[in-house]
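The lines below spell out each chain.
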Amino acid sequence: MIAKTPAECTFYLAPLYLDIALDGIVLYDRDDWLTSRLAAIRTRIDRHGLYRIQRDRDLIWEWREFPGFG
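These lines cover the structure that appears in this document, whether it is placed above or below. (Residues numbered from 1 in each chain as written. Predicted model: local features only at pLDDT ≥ 70, side-chain atom pairs only at ≥ 80, totals over all residues. Heavy atoms only, no water.)

So, the overall build of the chain
- Per the secondary structure count, the chain includes two helices and two strands.
- Listing every helix and strand of the chain by position from the N terminus yields α-α-β-β.
- The buried share of the chain, taken over its 70 residues, is 17%.
- Pairs at least 24 apart in sequence give 33% of the contacts found in the chain among residues at least 6 apart. (Helix = DSSP H or I, 4+ residues; strand = E, 2+ residues; numbered from the N terminus. Buried < 20%, exposed > 50% of the residue type's maximum accessible area, 1.4 Å probe, protein only. Contact = heavy atoms within 4.5 Å.)

In structure tokens, the structure reads:
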């Protein structure tokens, strides 16, 4: 369980947020802020061709096609 305020959520997308966007269940979201944020992250995952694979005991994010730097 991770409890954060909107101010604590930054634009930086750590891999944990990608996992939460796919697997997380929002239990309480009074203003639908988190629900809409997670939907936006799922859209980015699809648009940028990210996918998750399992290597040994780890889940790793990879690109279908690396977009380059910048």
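Considering helix H1 (residues 15-23)
- Residues of H1 that are buried include every one of Tyr17, Leu18 and Ala21, and no others. Taken down its axis, H1 places every buried residue within 105° of arc, on the same side.
- On the buried face of H1, the contacting elements are helix H2 (33-48), strand E1 (50-55) and strand E2 (58-63). (Arc of directions from axis to C-beta.)

Brief notes about the environment of Ile20
- On the secondary structure map, Ile20 appears in helix H1.
- The exposure class assigned to Ile20 is partly exposed, which follows from its relative accessible area of 24%.
- For the pair Ile20 and Leu38, spaced 18 residues apart in the sequence, the C-alpha separation amounts to 7.8 Å.

Here we look at the pairing of E1
- Relative to E2, E1 runs antiparallel, the two being bridged by six bridges. The residue of E2 that forms the bridge with Arg55 is Asp58.
- The antiparallel pairing of E1 with E2 creates a hairpin that spans two residues between the two strands, and Asp56 there sits at a positive phi of about 55°. (Pairing = 2+ DSSP bridges.)

Notes on a nonpolar patch on the surface
- Where nonpolar side chains cluster on the molecular surface, the patch consists of Ile25, Leu27 and Tyr28 and spans about 470 Å² of accessible area.
- Along the chain, Ile25 turns up in the loop between H1 and H2. (Patch = residues over 30% accessible without salt bridge, like charges linked within 9 Å, V, L, I, M, F, W, Y side chains within 5 Å. Areas by Shrake-Rupley, 256 points an atom, 1.4 Å probe, with all protein chains shown as cover. Salt bridge = Lys/Arg side-chain N within 4 Å of Asp/Glu carboxyl O.)

Regarding the pattern of salt bridges
- All chains considered together, the criterion is met by four salt bridges.
- Residues Asp23 and Arg52 are paired through a salt bridge, measuring 2.8 Å at the closest nitrogen-oxygen approach. Here Asp23 is found in helix H1, whereas its partner Arg52 is found in strand E1, with 29 residues between them in sequence.
- Accessibility expressed as a relative area gives 26% for Arg52, which makes it partly exposed.
- The partner of Arg30 in a salt bridge is Asp31, with the nearest N and O atoms 4.0 Å apart. Each member of the pair, Arg30 as well as Asp31, is classed as exposed.
- Linked by salt bridges that have partners in common, Asp19, Asp23 and Arg52 make up one network.

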